[in-house]
Amino acid sequence: QQQLVESGGGLVQAGGSLRLSCAASGSTFSSYAMGWFRQAPGKEREFVAAISWSGGRTYYEDSVKGRFTISRDNAKNTVYLQMNSLKPEDTAVYYCAAGGRVGQHYDYYDYWGQGTQVTVPS
């Protein structure tokens, strides 16, 4: 069982940066793959980035490659999403998720946080 709490969202101007954090409870965090998803108003939730349990493998949605970096600190039970060069189209609620398989598929993940809002005005 994992409880996930995201933080670090906010309002940032285009071209700026934010770092999202997702703190997990439970002693087995290091055995889970972690992912970040986002949902913009009126749109479906979409994959952003994922990282394997060891941190050795990472995956990104095409539109964020080169701008976003996912990382994790298993000693702190935390996964991060560093977001640079933010664009208005990055505006969304960002969710972290934990699951048994790493990748972009929504159904790989069993546990979800409540989300944190990121707003990039146009």
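In case you missed it, the structure is sitting above this.
Every chain begins its residue count from 1, and numbering advances along the sequence as written. Local features are withheld for residues below a pLDDT of 70 in this predicted model, meaning they are given only at 70 or higher, and side-chain atom pairs are given and counted only at 80 or more; totals for whole chains, interfaces and linings count all residues. Hydrogens and water molecules were not included; the side-chain quantities draw on all heavy atoms of the structure.

J.: For the sheet that holds strand 7 (residues 68–73), give the residues involved together with the corresponding values.
T.: Ordered in space as 1-3-8-7, the four strands form an open sheet in which the pairing is antiparallel. Strands with a single pairing partner mark the edges of an open sheet, and in this sheet they are strand 1 (4–7) and strand 7. The mean angle between the axes of side-by-side strands here comes to 15 degrees, regardless of whether they run parallel or antiparallel. Two strands pair under a simple rule: DSSP has to find at least two bridges between them. Here a helix means four or more residues in a row that DSSP labels H or I, a strand means two or more in a row labelled E, and each is numbered from the N terminus. All axes here are fitted lines through C-alpha atoms, helices being fitted over the stretch that makes contact, and every angle between N-to-C directions spans 0 to 180 degrees.

J.: Before we move on, could you go through the nonpolar core and cite the residues and values that matter?
T.: Burial of nonpolar side chains together is a common tendency in soluble globular proteins. Residues belong to a common nonpolar core when they are buried Ala, Val, Leu, Ile, Met, Phe, Trp, Tyr or Cys residues joined through side-chain atoms within 4.5 Å. Relative accessibility under 20% of the residue-type maximum defines a buried residue, over 50% an exposed one, and the middle range a partly exposed one, all with a 1.4 Å probe and only protein chains included. Counting 29 residues, the largest nonpolar core has Met34, Trp36, Leu81, Met83 and Tyr94 as its most contacted members. Listed by contribution, the elements that provide at least two residues to this core are strand 3 (18–24), strand 4 (33–39), strand 5 (46–51), strand 7, strand 8 (78–83) and strand 9 (92–99). Discounting residues that sit within four places of it in the chain, Leu81 has contacts with Leu18, Arg19, Leu20, Trp36, Val48, Ala49, Phe68, Thr69, Ile70 and Tyr94. In this structure, Ala33, Ala97, Tyr108 and Tyr109 belong to the second largest nonpolar core, which totals eight residues. Contacts: residue pairs with any heavy atoms within 4.5 Å of one another.

J.: Account for the pattern of salt bridges, with residues named and values stated.
T.: Pairs can form between side chains of opposite charge once their charged atoms are near each other. By convention in these notes, a salt bridge is any Lys or Arg side-chain nitrogen within 4 Å of a carboxyl oxygen on Asp or Glu. For the structure shown, the criterion picks out four salt bridges. Notably, a salt bridge pairs Arg38 with Glu46, separated by 2.6 Å at the nearest N-O pair. Classification of Arg38 as buried rests on a relative accessible area of 5%. Look at Glu46 and you get partly exposed, because its relative accessible area is 33%. In this structure, Asp62 and Lys65 form a salt bridge, with 3.1 Å as the shortest nitrogen-oxygen distance. Classification of Asp62 by relative accessible area gives exposed; the value is 58%. Three or more residues are tied together by salt bridges with common partners; here these are Arg38, Glu46, Arg67 and Asp90.

J.: Before we move on, could you go through unusual backbone geometry and cite the residues and values that matter?
T.: Notably, Asn77 is not glycine yet its phi reads approximately 55 degrees, a positive angle. Assignment of secondary structure puts Asn77 in the loop between strand 7 and strand 8. You will see that Ser85, though not glycine, has its phi angle at about 50 degrees, which is positive. Its place among the elements puts Ser85 in the loop between strand 8 and strand 9.

Everything listed is a geometric property; what it means functionally is a separate question.
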